[in-house]
Structure formats: structure tokens, C-alpha cells
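Chain residues, written in single-letter form:
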Amino acid sequence: MTAATPVPAAAPVAVAVGTITGPTAPTPVATTATTATTATTGSAVANTAAVTANAATTTTVTTTTSGSTTAAVATTAVTTAFAPVEPTRTAGAATTPAASGTTVRTGTARTALAPAAPTSAAATPTAAAPHTPAVPDSEGQPGPTAALPGLPQALSTRARTLAGAVRRRCADLARIESPSGDAPRLDALAEELAAGFRATGATVHREPGPAGDHLVLQWEGRDESLPHLLVVGHHDTVWPAGILNDWPVTEQDGTLSGPGVVDMKGGLAILEGAFALLADLGQRPHRTVRLVVVSDEEVGSPDGRRLVERQLRDAAAVLGLEPPHPDGRLKTARRGSTRVRLTVTGREAHAGNDAADGVSAVDELVDQLVAVRSLTSLPGTELNAGRISGGSRANVVAGRAEAELGLRFSTTEAQRRTLDNLARLTALRPGARVRTEVLSSRPAWPERSANPLLRHVRSLAAVLGQQLDGGPAGGAGDTNLPGSRGLPTLDGFGAVGGGAHARHEHIRIDQLAPRIALLAALLAVPLPRLRDRSEG
């Protein structure tokens, strides 16, 4: 086993590409990185990277759009050509004052995956490279890339060259701490994400939230008449501020470890890489793509849910950037989840002289939790008492106590019955009062026997030389909402790894390139019929 090595901060880089605008492609410009400066806690750090372009490869990509003439375009893509770009920041965004008067570190240099402007000289068309034939789907229909021959090989090749930049981007994002509820830190990361996605062609809207800004982004598609594809993600994590002091982002034995790398900064970096890859090949998404990145997913999206719900209208399908199963399988269903606060009010008194005059809220809460345990014994229901607090001193009868409960349900019926039971809780001792409050709730997303979206993604993966499947997941997320309503939904398009919410959280570096290629293909290729009513 090799020794763990902290990953150095990467200089901001941009992928130099040739944008295809006609029958021939301009020659990409090989660039050399220069010094870029970014701000961390109260200091400026200069990073210099000198990376030159390697040998160019040639791939022919043929595009067919809504009955238009098919055009064969020869694209020349350098294997690696990175140039530093100045991070996009608002005035004073280098450091953000926190509520406590401390300074919030907004991260290290931004690894931006952005297309460079093409040169004016036209490149000489080259011979078409062999391409992977389209693989028929399970119903014998033409494969998903039949409209774009040559694309699978181009995606896989370029994804491998982009994987290093995406790995560095993920490490940089993980260094920007973003605990749920910490608005200054979340807003700093939102600014960083907005700059990166804007560089790949997105329009960006920041939506204010009570615990940090959310992002709503959009990329134009080749066919604007089609319903949009919705992607959902989040930039908050479960890790407290300061966690990096004793758990730095580290690369070791083919993995990248650190707070939030798998849940879900790896997924955000992969999506940025997928859009950069498409730009590199002169491609745009087949249809409009919208991305919602909420700041409160780890606490149930109490405010971010409204943004996800708003974008569900007329969506053709919904993709989630949460990590997949540890073996790489996508997530085809999720249990419902609800966060409940149980608050007990008693009566304070001196614990020695006047104990009989008091009513202990702590004692009442303990008894209530025992009762709650029996009420949540329905099949498919799980309870986690995640947090308990109460009382003030050992010599004072506790006047207040509360617990935060996490409940998970396999069916909507179990969820309804359990919440009804909790709402009817009454005090077990005279003088005590019990109140139940639902903090956030996500409906169960049930498994469905027919899943044409999963079949489509499996076919795409096969064309790319990948084996992929899906299965239900125990956790909940923002895809619960569309999945529960019957919209074509898949989750788990984020980084392959494990240890979410645990100290061994990590991503597998060798699986970055396959995920980048898969997401890019899914964005570029037309969707099949996913519901009874055709939506393009």
C-alpha cells in the first residue's frame, strides 16, 4: 500500500477545443498554462501549471437532427490542452465573513473545464476513423447512437483525457467546505460552481434560500422544441466546518478521499466534465438540459424542493447526480424519508428541594421514544433517533427536551400510517406537553417493472463498452419527488465510490472516465419513447 498523499491544489485550467460550426473543424490551439492566483483564508496562493497539448486524434461525428441533411464532420481533438483561466468571482468573493466573525475559506484554484475559442483557420478534413457500430436494444430497435455514428469512440477517448482534470476539480470542490445551514460557505461554493458551469455554456440563475443560495442552470439543446431533461444535485454536505483540518483531501491506492467527494461533489465535477467533453467534440445536448443544485438536500430539501418541483413541469426525464451503488449500478427506486422533531415541555423545579413540583421533560421524552419505537414497527419502516437534547443542569428538573427522528419507508402507505400515529402522540405524565413537527418529507419512489429509461441507459453503456444495471436504494434524495409521480427517473449518475456520510468516504478514480462518457452520451443522444405519450 502506498502512503497517502494530500492532493495539491490544481491551477485553474480550461480544455482547449475546436467548436464545430460547418463541414470542417478549426484546428484546436495548443496552449501553455500561465500563473493564476486564487484566494484562500486571508492569503493569496499562486499556482502555475505548464501543460502542453499531446498528439491529436481524429474522429468523424455525423449529426442528424429532425429531418435535416446529415453532415459528416471531421473533428480534431487534442488529447490534453489545458490553459489557466481567471476564476470568475464577484467583488469581495475571495473571502466571505462568517457569522462568527471568522473568515470562510472559499477554496483553492478552480479547475474549469471550458472550451477555448477556435482559430480562424479551417482545418483540412481528415479521413473518418472507424467507429463502434450501434448496438440494437432489447427490443431489436436500432441502438441509441444510430443517429450519431462515431460518437461512442470519440466520447470514450476524450473522457479518458479529461478524467485527470475532473479528478482535480472534485478535489478542489471538496476543499470548499459546505455544511448544510452554513449560508456563507454554501454561497462561496455556489459561486465556484456557477463559474465552472457557465464556462461550459450554461446560463446561471442563483435562487436565494434561507440557508444558502440554490442554483438553476440551463444549456440550450439542438432541438429546442423538445421537453427539457432535468438533472438534480446538491452542494451541501453533512460534514461540519473545520473537518479538513484533520481529514484533508487525499489520493491513495486509486481512490480520492475527503469530506463530500462522493456525496456529491464528484457528481457535480463529472457533469461539468461531460458538458466540456461535448463542447470539445463540437456537440450540444440533444434537448435543453436544466440542472437544479440545492443547498439543503442533506436536511431534506425543505426549501430546495420548491425549485425541483418547479422544473418537473414538462420534463421528459429526470437524472440524479447522487453516487450509484458501490458496484456502479444506478438507482431505480428509493425509500421515502421524513425528518420529525419531537418536542416535550415539562416544568422546571429544584431537583433536591422541590422535585415533586417539577415535571421532567427528559423523562417524558425517554418514555415517548419507547412508545414511538413500537409505533414505527410497520413492515418497511425504519427509525433512527439521530439527535437528543434537553435539560440544563443536574440539579434542575428538565423543563424542555427534544429529539430529531429520521424515518424511512418502503411504501407510501407505511409512511402515511406512521406519520398519522406520530401526530396523535399525547403526554404520558400530568403537566407535560408533547408536540410533533415534520421538518421535511420525501415520498417513496417505488420500483417499477417496466423501465424504458434504464433500458436506454444500459444500451448506451453497452455501446461505450460498459456493463451497467440498476436497483432500488435505501436512501432518499431529490429524485424521490419525480420518481414518486411516475416521471421517468434514474439516480446514481455521480462518482462511483463509497462511504457516504462516513470517514471512509471516497471515489474510485478509474471510474471517472466511464461516468463522464456515459453522461455525455446521455445528454447528446435522443431519448426514446419513455411514456405512453411521446415527448421526443
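Everything numeric here is computed off the predicted structure, so don't read it as measured data. Each chain carries its own residue numbering, running from 1 in the written order of its sequence. At least 70 in pLDDT is required for a residue's local features to be given in this predicted model, at least 80 for side-chain atom pairs to be given and counted, and no such filter applies to totals for whole chains, interfaces and linings, which use all residues. Water and hydrogen atoms were dropped before computing side-chain values, which therefore reflect all heavy atoms in the structure.

Asker: Outline the overall build of the chain, supporting the account with residue identities and numerical values.
Answerer: Secondary structure counts use DSSP, requiring at least four H or I residues in a row for a helix and at least two E residues in a row for a strand, with both numbered from the N terminus. Across its full length, the chain carries nine helices and 25 strands. Counting the 536 residues in the chain, one finds 54% classified as buried. Carbon and sulfur atoms provide 52% of the accessible area of the chain, an area that totals close to 21700 Å². Throughout this description, buried means an accessible area under 20% of the type-specific maximum (1.4 Å probe, protein chains only), exposed means over 50%, and partly exposed covers the range between. Methods summary: accessible areas were calculated by the Shrake-Rupley approach with a probe of 1.4 Å, and residue burial reflects only the protein chains presented.

Asker: Run through the sheet that holds strand S15 (residues 289–294), naming residues and quoting values.
Answerer: Read across the sheet, six strands follow the order S10-S11-S15-S12-S16-S23 without closing on themselves; strand pairing throughout is mixed. Taken across any chain shown, the strands that pair with only one partner, and hence form the sheet edges, are strand S10 (203–207) and strand S23 (489–490). Pairing between two strands requires that DSSP report at least two bridges joining them.

Asker: Any details on the pattern of salt bridges? Residues and values, ideally.
Answerer: Any Lys or Arg side-chain nitrogen located within 4 Å of an Asp or Glu carboxyl oxygen qualifies as a salt bridge. The tally for this structure, following the rule as stated, stands at 32 salt bridges. Here Glu 251 makes a salt bridge to Arg 167, at a shortest N to O gap of 3.0 Å. Here Glu 251, found in strand S13 (residues 250–252), pairs with Arg 167, found in helix H1 (residues 151–174); they are 84 residues apart in sequence, far enough to count as distant. Its relative accessible area of 29% is what places Glu 251 among the partly exposed residues.

Asker: How would you explain the packing of helix H3 (residues 261–280) against helix H9 (residues 512–524) if you had to name every residue and give the values?
Answerer: Helix-helix packing is described using two parameters, namely the angle between the two axes and the distance between the axes. Axis lines are fitted through C-alpha atoms, for helices just across the contact stretch, and the angle between N-to-C directions can take any value from 0 to 180 degrees. Contact geometry for H3 and H9: axes closest at 8 Å, N-to-C directions at 60°. Taken together, the axes of H3 and H9 lie oblique to each other. Note on packing geometry: the crossing formed by H3 with H9 is right-handed. Residue-level inspection shows Ile 270, Leu 271, Gly 273, Ala 274, Phe 275, Leu 277 and Leu 278 of H3 in contact with H9, the latter providing Leu 512, Arg 515, Ile 516, Leu 519, Ala 520, Leu 523 and Ala 524. When the residues that make up the contact of H3 with H9 are grouped by side-chain class, the tally is 12 nonpolar, one polar and one charged. Roughly parallel covers angles under 35 degrees, roughly antiparallel covers those over 145, roughly perpendicular covers 65 to 115, and oblique covers all other angles. Crossings are sorted by hand: turned counterclockwise from the far helix by less than a right angle, the near helix makes the crossing left-handed, and turned clockwise it makes it right-handed. Any two residues whose heavy atoms approach within 4.5 Å are treated as being in contact. Three residue categories are used. Nonpolar comprises Ala, Val, Leu, Ile, Met, Phe, Trp, Tyr, Cys and Pro, charged comprises Asp, Glu, Lys and Arg, and polar comprises the others, including Gly.

Asker: How would you summarise unusual backbone geometry if you had to cite specific residues and measurements?
Answerer: Residues Asp 263 and Met 264 are joined by a peptide bond in cis, for which omega reads -5°. On the secondary structure map, Met 264 appears in helix H3. Of note in the backbone geometry, Asp 314 takes a positive phi value of approximately 65° without being a glycine. Along the chain, the position of Asp 314 falls in the loop between helix H4 (305–312) and strand S16 (317–320).

Asker: So, the packing of aromatic side chains: which residues are in play, and what are the values?
Answerer: Two aromatic rings, drawn from Phe, Tyr or Trp (for Trp, its six-membered ring), form a pair once their centres lie within 6.5 Å of each other, and the interplanar angle then sorts them: stacked below 30 degrees, edge-to-face above 60, tilted otherwise. Tallied over the full model, the rule gives three aromatic pairs. Pairing Trp 219 with Phe 275 gives two aromatic rings, centres 3.8 Å apart and planes at 5°, and the pair type is stacked. Of this pair, Trp 219 sits in strand S11 (residues 214–219) while Phe 275 sits in helix H3, placing them 56 residues apart in sequence. The burial state of Trp 219 is the same as that of Phe 275; both residues are buried. On the numbers, 4.9 Å between centres and 80° between planes, the contact of Trp 239 with Trp 247 is edge-to-face. Among the residues examined, Trp 239 registers a relative accessible area of 10% and is labelled buried. Feature note: the residues Phe 197, Trp 219 and Phe 275 constitute an aromatic cluster, connected by ring pairs.

Asker: Pulling in residues and values, what's your account of the sheet that holds strand S21 (residues 433–442)?
Answerer: With antiparallel pairing, the four strands of this open sheet are ordered in space as S19-S20-S18-S21. Every interior strand has two partners, whereas the edge strands, strand S19 (381–390) and S21, have only one. Strand-to-strand twist across the sheet, computed as the mean angle between neighbouring axes with direction ignored, equals 20°. The pairing of S19 with strand S20 (residues 400–409) spans nine bridges and is antiparallel. Residue pairing across strands places Thr 381 opposite Phe 409, the latter belonging to S20. Each of strand S18 (336–345), S19, S20 and S21 is contacted by helix H5 (residues 361–375), which is oriented at about 15° to S20, the strand it contacts most.

Asker: Got a sec to walk through the nonpolar core? Specific residues and values, please.
Answerer: Only buried residues count toward a nonpolar core. Its members are Ala, Val, Leu, Ile, Met, Phe, Trp, Tyr and Cys residues joined through side-chain atoms within 4.5 Å. Core analysis: the biggest nonpolar cluster contains 75 residues, and Leu 155, Leu 271, Leu 291, Leu 321, Val 457 and Phe 493 have the highest contact counts within it. Residues contacting Val 457, with those up to four places away along its chain left out, are Leu 330, Leu 468, Leu 490, Phe 493, Leu 518 and Leu 522.

Asker: Hey, could you go over the environment of Gln 415 for me, with residue numbers and the actual values?
Answerer: Within the fold, Gln 415 resides in helix H6 (residues 412–423). Along the backbone, Gln 415 and Ser 337 are 78 residues apart, and their C-alpha atoms lie at a distance of 8.1 Å. In this structure, Gln 415 is in contact with Gly 336, Ser 337, Thr 338, Phe 409, Ser 441, Arg 442, Pro 443 and Ala 444, ignoring residues within four places of it in sequence. Side-chain polar atoms of Gln 415 contact the side chain of Ser 441, separated by 3.3 Å. By the criterion applied in these results, polar contacts are pairs of N or O atoms within 3.5 Å in which, for protein atoms, one can donate a hydrogen and the other can accept it, and in which residues neighboring in sequence qualify only through two side-chain atoms.

Asker: Which residues make up the side chain of His 214, and what values do they have?
Answerer: Relative to the helices and strands, His 214 is located in strand S11. Judged by relative accessible area, His 214 falls into the buried class, the value being 0%. Polar side-chain contacts of His 214 include one of 2.7 Å to the side chain of Asp 303.

Asker: An account of the side chain of Gln 368 is requested, with residue identities and associated values reported.
Answerer: Summarising the element assignment, Gln 368 is placed in helix H5. The class for Gln 368 is buried, based on a relative accessible area of 1%. Separated by 2.8 Å, the side chains of Gln 368 and Glu 364 make a polar contact. Every residue in contact with Gln 368, bar those within four places of it in the chain, is listed here: Leu 342, Leu 425, Thr 426, Ala 427, Leu 428 and Val 434.

Asker: Give me H4: which residues, what numbers.
Answerer: Helical geometry: 3.6 residues make up each α-helical turn, so side chains three or four residues apart lie on a common side. When we look at burial in H4, the residues that qualify are Leu 307, Val 308, Gln 311 and Leu 312. Axial view of H4: buried residues confined to an arc of 140°, hence all on one face. Buried residues belonging to H4 abut S10, S11, strand S12 (229–234), S15, S16 and helix H8 (480–484). Positive phi appears at Asp 314, one or two residues downstream of H4, with a value of about 65°. Directions from the helix axis toward the C-beta atoms define the arc.

Asker: Please set out the pairing of S16 residue by residue, giving values where relevant.
Answerer: Side chains of S16 alternate between two faces, with Ala 317 and Leu 319 and Val 318 and Gly 320 buried alike. Alignment of S12 against S16, held across four bridges, turns out to be parallel. Pairing of Val 232 across the sheet is with Gly 320, part of S16.

Asker: For helix H2 (residues 183–199), give the residues involved together with the corresponding values.
Answerer: An ideal rise of 1.5 Å per residue puts 24 Å on 17 residues; H2 measures up with 24 Å between its terminal C-alpha atoms. A large share of H2 lies buried, amounting to 12 of its 17 residues. Residues of H2 that are buried include every one of Arg 185, Leu 186, Ala 188, Leu 189, Ala 190, Glu 191, Glu 192, Leu 193, Ala 194, Ala 195, Gly 196 and Phe 197, and no others. Looking one or two residues past H2, Gly 201 carries a phi angle of roughly 110°, positive in sign. For a helix, the expected span equals 1.5 Å multiplied by the residue count minus one.

Fair warning: the whole summary comes from geometry, so function is off the table for now.
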